[in-house]
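Coordinates in review
Listed here are the chains, written in short residue letters.
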Amino acid sequence: MRTNGVSFSISRHAAWAPGLSGPEAWERWAQAPFAIEAGAEPGVKAMPAMLRRRAGFLGKMALEVAYQCLDGRTDIPTVFCSRHGEVARSLELLSDLARGEPLSPTAFSMSVHNAIAGLLSIARGDRANQLALAAGAATIEHAVIEACGLLADGASEVLLVACDCPLPELFAPFQDCEEQPYAWAWLLTPAADDAISLNWTASAEAPSAGMPGGLEVARFQLRGARRLERCDGRLRWSWSRDA
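So, here is what we can say about the structure in this document. In this text the structure is predicted, and so the values were computed from the model without any measurement. (Residues numbered from 1 in each chain as written. Predicted model: local features only at pLDDT ≥ 70, side-chain atom pairs only at ≥ 80, totals over all residues. Heavy atoms only, no water.)

A look at the sheet that holds strand 6 (residues 196-202)
Heads up, the rule is: When DSSP locates at least two bridges between a pair of strands, those strands are taken to pair. Here a helix means four or more residues in a row that DSSP labels H or I, a strand means two or more in a row labelled E, and each is numbered from the N terminus. Between N-to-C directions, angles cover 0 to 180 degrees, with each direction set by a line fitted to C-alpha atoms, over the stretch in contact for helices. Here, residues are in contact when the closest pair of their heavy atoms is within 4.5 Å.
The strand order 3-2-4-5-1-6-8-7 describes an open sheet built from eight strands, whose pairing is mixed. Because the sheet does not close on itself, it has two edges, and the strands there are strand 3 (130-133) and strand 7 (227-231). When the angles between neighbouring strand axes are averaged without regard to direction, this sheet yields 25°. Bridge count for strand 2 (residues 78-81) against strand 3 is four bridges, and the pairing is parallel. By the bridge assignment for strand 3, Val79 is matched with Leu131. Contacting strand 1 (5-16), strand 2, strand 3, strand 4 (158-164), strand 5 (182-190), strand 6, strand 7 and strand 8 (235-240), helix 7 (residues 139-152) runs over the sheet at an angle of about 170° to strand 2.

Observations regarding helix 3 (residues 57-70)
Here is the rule: Given the number of residues in a helix, its expected span is that number minus one, multiplied by 1.5 Å. Only protein chains enter the accessibility calculation, which uses a 1.4 Å probe; a residue whose area is less than 20% of its type maximum is buried, one above 50% is exposed, and one in between is partly exposed.
Compared with an ideal rise of 1.5 Å per residue, which puts 14 residues at 20 Å, helix 3 spans 20 Å between its outermost C-alpha atoms and is within 8% of the ideal. Burial analysis of helix 3 places 12 of its 14 residues in the buried class, the great majority of the element. Those residues of helix 3 that sit buried are Leu58, Gly59, Lys60, Met61, Ala62, Leu63, Glu64, Val65, Ala66, Tyr67, Cys69 and Leu70. Just downstream of helix 3 lies Asp71, where phi reads positive at about 50°.

Some words on the nonpolar core
Applied cut-off: For the purposes of this section, nonpolar cores are sets of buried Ala, Val, Leu, Ile, Met, Phe, Trp, Tyr and Cys residues that join through side-chain atoms within 4.5 Å.
One finds Phe8, Trp26, Val144, Leu160, Trp184, Trp186 and Trp239 to be the most contacted residues of the largest nonpolar core, which totals 41 residues. Here the element with the most residues in this core is helix 7; it accounts for seven residues. Among residues more than four places away in sequence, those in contact with Trp26 are Ala15, Trp16, Ala17, Leu20, Ser21, Ile36, Tyr182, Leu215 and Leu222. Core analysis: the next-biggest nonpolar cluster, separate from the first, contains 30 residues, Ala62, Ala183, Ala185 and Leu187 among them.

With respect to a nonpolar patch on the surface
Applicable threshold: A patch is a set of surface residues, each over 30% in relative accessible area and not in a salt bridge, joined within 9 Å for like charges and within 5 Å for the nonpolar side chains Val, Leu, Ile, Met, Phe, Trp and Tyr. Shrake-Rupley sampling with a 1.4 Å probe provides the accessible areas, and residues are treated as covered by the protein chains on show and by no other component. For this analysis, a salt bridge means a side-chain nitrogen from Lys or Arg found within 4 Å of a carboxyl oxygen belonging to Asp or Glu.
Taken together, the side chains of Leu94, Leu97 and Leu103 make up a nonpolar region of the molecular surface, amounting to roughly 290 Å² of accessible area. Within the fold, Leu103 resides in the loop between helix 4 (87-98) and helix 5 (105-109).

Some words on the packing of helix 1 (residues 23-31) against helix 8 (residues 213-223)
Definition in use: Orientation categories follow fixed angle ranges, with anything under 35 degrees roughly parallel, anything over 145 roughly antiparallel, 65 to 115 roughly perpendicular, and all other angles oblique.
Between helix 1 and helix 8, whose axes approach to 9 Å, the crossing angle comes to 105°. As far as their axial angle goes, helix 8 and helix 1 are roughly perpendicular. Between helix 1, through Trp26, Trp29, Ala30 and Gln31, and helix 8, the contact on the second element is made entirely by Leu215, Arg219, Leu222 and Arg223.

This is the structure in structure tokens:
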């Protein structure tokens, strides 16, 4: 059956960024957004130190919100999404390669897009289904579709983790939005009370040059807004709470 829309509810959520480590801080940000700047990394105290040390700044943000949102739950399918992933680590590896220097096996293993998911699975001894994806300016929307597909297949809950960081200076000229460091997680359930719907139609309108899509969607959710419209140059994405 073909469809152009999905619906879901959120039973739990968590978010972390430098200077925004608690629900109250995020609610204030949602009402009056400001540019998030780089800063101290989260502690991820729930993860054993030996594994935690392998994660970079992006990974630690994602792991922090994943642990907070799961709150001890196990056997929950997870969708990790990040538009750029560990691009800074990948750039370092490519620079080493260009200089003829040996590559660090640990750095390489943590540069792939599903590395964060793997760390979480190992640390928790959890063999639940995990996906990791990137889909350009519509990364969040495609991750939600994947998560809703898992719900449709019978999962009672699905964890969605979104994270990103500013691009390295070398890639800064290619930015199409104001990249900022952040991570958030939703525990999705089948649509019930206060359901959120996501629909899409064809559109050639360019993406907004403002905040990243992940933060736009986080603000929509935190404010309890009724509607959000986003474009990625190919589709118009319509988020709503009253469908």
